[in-house]
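One letter stands for each residue in the lines below.
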Amino acid sequence: MKIKDLKNQVAFLFASAVLVVGGLNLSNARAQGRRGGGSSSSSSSSSSSSRSSSSSSSSRSSSSSNSSRSSNSGGSSRSSSSGNGGGRSWGRGDGQSRSRDNGSSRSSGNSARSENRTRDRSNDSNSVVLTSNRERDLNSDGNRRRDRDRKRDRDRDRDRDRHFNRRNVGLDRNRDRDEWRRREYERGRLLYRTRSYESSNYGYYQYSSNAYEQGYRDGLFTGASDARRGESYDPERSHFYRHGAGGFLSIFGSPSSYGMAYRDGFLRGYEEGYQNWQSYFIGGRFYR
């Protein structure tokens, strides 16, 4: 009776061990099925083989049942340890792969952010460079316009000053010439005395008035021409005065009487023409 109770206890313990081992294998198979799905078949086959081996060993003798119990207990402990170790190894590998994925994703995100930041900095620097170049171009254009305007104003002022200076020089020159002519006129009046026409001065020469009038006309033209050209007061320089025969005809009788009246008229006309030459020369032509 005791032997029968002992056999029942051994069988119960063996069945319990088999159930524990099967539950552990089933949990490991489920964990492996979540990752790959391929290890579930191997775990189920191993559990079925363990069940068949346990059922065959239970029908043997008590001596063999003791040895199989010890072997099964050792096998169950090994299988449980191996199953637990495999589960740990799989869990550890999954965590490592996840940590590697998270690290790689973080590193890629950080690299993308750094690249975007670098690109933004480069865009900002390019915009700053473009702005500075545009400002420099605007400043250079403004400087060129200012320099051009300043040069134009300087040229205009120089031309105006040159014109004023030329006009002032011309005015000064004209004033100097007028002063010189005035001095020459005063000197000539003292040197060459003139007298009005009187027939008694020429011995009541019949044609003395004709000679005086002809000499006056020639002297007026010669004096005005000399003053216009800036010549000195010198009536003797003219060939009319030296010859003293301008307009002489044979019917006028004595050439000496004619020449005396002619020279007096010439001196009087030369004095008038030299003093008031601007009244007789208009537009480069002589008008009496």
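The notes below deal with the structure included here. This structure is a prediction, so every number in the text was calculated from the model and none was measured.

Cut-off values and rules
- Residues numbered from 1 in each chain as written.
- Predicted model: local features only at pLDDT ≥ 70, side-chain atom pairs only at ≥ 80, totals over all residues.
- Heavy atoms only, no water.
- Helix = DSSP H or I, 4+ residues; strand = E, 2+ residues; numbered from the N terminus.
- Buried < 20%, exposed > 50% of the residue type's maximum accessible area, 1.4 Å probe, protein only.
- Contact = heavy atoms within 4.5 Å.
- Areas by Shrake-Rupley, 256 points an atom, 1.4 Å probe, with all protein chains shown as cover.
- Expected span 1.5 Å × (residues − 1).
- Core = buried A, V, L, I, M, F, W, Y, C linked by side-chain atoms within 4.5 Å.
- Polar contact = N/O pair within 3.5 Å; in protein donor to acceptor, adjacent residues only side chain to side chain.
- Phe/Tyr/Trp six-rings, centres within 6.5 Å; stacked < 30°, edge-to-face > 60°.
- Lys NZ or Arg CZ within 6 Å of the ring centre and 35° of its normal.
- Axes fitted to C-alpha atoms, helices over the stretch in contact; angles between N-to-C directions.
- Left-handed = near helix turned anticlockwise from the far one by under 90°.
- Nonpolar A, V, L, I, M, F, W, Y, C, P; charged D, E, K, R; others polar.
- Salt bridge = Lys/Arg side-chain N within 4 Å of Asp/Glu carboxyl O.

What about the overall build of the protein chain?
Within the protein chain, the regular secondary structure consists of seven helices and two strands. Starting at the N terminus and walking to the C terminus, you meet the elements of the protein chain as α-α-α-α-α-α-α-β-β. Considering the protein chain as a whole, with its 288 residues, one finds that 23% of them fall into the buried category. Within the protein chain, counting contacts between residues at least 6 apart in sequence, those at least 24 apart form 74% of the total. On the protein chain, roughly 19700 Å² of surface is accessible, and the fraction owed to carbon and sulfur atoms is 50%.

Observations regarding helix α4 (residues 208–228)
For α4, with 21 residues, the first-to-last C-alpha span of 30 Å sits near the 30 Å given by 1.5 Å per residue. Just past α4, the residue Gly 230 takes up positive phi, approximately 80°.

Here we look at the nonpolar core
Formed by 22 residues in total, the largest nonpolar core has its most connected members in Tyr 233, Tyr 258 and Tyr 274. Taken together, the elements giving at least two residues each to this core come down to α4, α6 (255–275) and α7 (277–280). The leading source of residues in this core is α6, at seven residues. For Tyr 274, the residues in contact, after removing those within four places along its chain, are Trp 180, Arg 181, Glu 184, Tyr 185, Gly 223, Ala 224, Asp 226, Ala 227, Glu 231, Ser 232 and Tyr 233.

Comments concerning the side chain of Glu 271
The topology assignment puts Glu 271 in helix α6. Relative accessible area serves as the criterion here: at 13%, Glu 271 is assigned to the buried category. Of the polar contacts made by the side chain of Glu 271, one reaches the side chain of Arg 189; its length is 3.3 Å. In this structure the side chain of Glu 271 is engaged in a polar contact, spanning 3.1 Å, whose partner is the side chain of Thr 194. With residues up to four places along the chain from it excluded, the contact list for Glu 271 reads Tyr 185, Arg 189, Thr 194 and Tyr 233.

Structural notes on the packing of aromatic side chains
Applying the stated criterion across every chain yields a total of 20 aromatic pairs. Between Tyr 192 and Tyr 233, the aromatic rings sit 6.5 Å apart at their centres with planes inclined by 40°, giving tilted as the arrangement. In this pair, Tyr 192 is assigned in the loop between α3 (62–191) and α4 and Tyr 233 in the loop between α4 and α5 (239–243), connecting sequence segments 41 residues apart. What makes Tyr 233 buried here is its relative accessible area of 2%. Ring plane angle 10° and centroid distance 5.4 Å describe the contact between Phe 252 and Tyr 258, whose orientation is recorded as stacked. Across the pair, exposure class does not vary: Phe 252 and Tyr 258 are buried alike. The ring of Tyr 241 has Arg 263 sitting right over it, with the charged end atom 6.0 Å from the ring centre.

Side note on the packing of α4 against α6
One way to put it is that α4 packs onto α6 with a least axis distance of 5 Å and a crossing angle of 35°. Our pair here, α4 against α6, has a crossing hand that is right-handed. Looking at the contact of α4 with α6 residue by residue, the class counts come to twelve nonpolar, nine polar and five charged.

Some details on the pattern of salt bridges
Enumeration over the complete set of coordinates arrives at 15 salt bridges. One salt bridge in this structure joins Arg 195 and Asp 264, with 2.9 Å as the shortest N-O distance. Taken together, the positions of Arg 195 in the loop between α3 and α4 and Asp 264 in helix α6 put the pair 69 residues apart, joining distant regions of the chain. Through salt bridges that share partners, Asp 226, Arg 229, Asp 234 and Arg 237 make up one connected network.

Observations regarding unusual backbone geometry
Here the phi dihedral of Tyr 204 falls at roughly 55°; this positive angle occurs in a residue that is not glycine. What makes Tyr 204 exposed here is its relative accessible area of 64%.

A closer look at the environment of Glu 236
Tracing the backbone through its elements, the reader meets Glu 236 in the loop between α4 and α5. The sequence separation of Glu 236 and Tyr 192 amounts to 44 residues, and the corresponding C-alpha distance is 9.6 Å. Non-local contacts of Glu 236, meaning those with residues more than four positions away in its chain, are made with Tyr 192, Tyr 241 and Arg 242.

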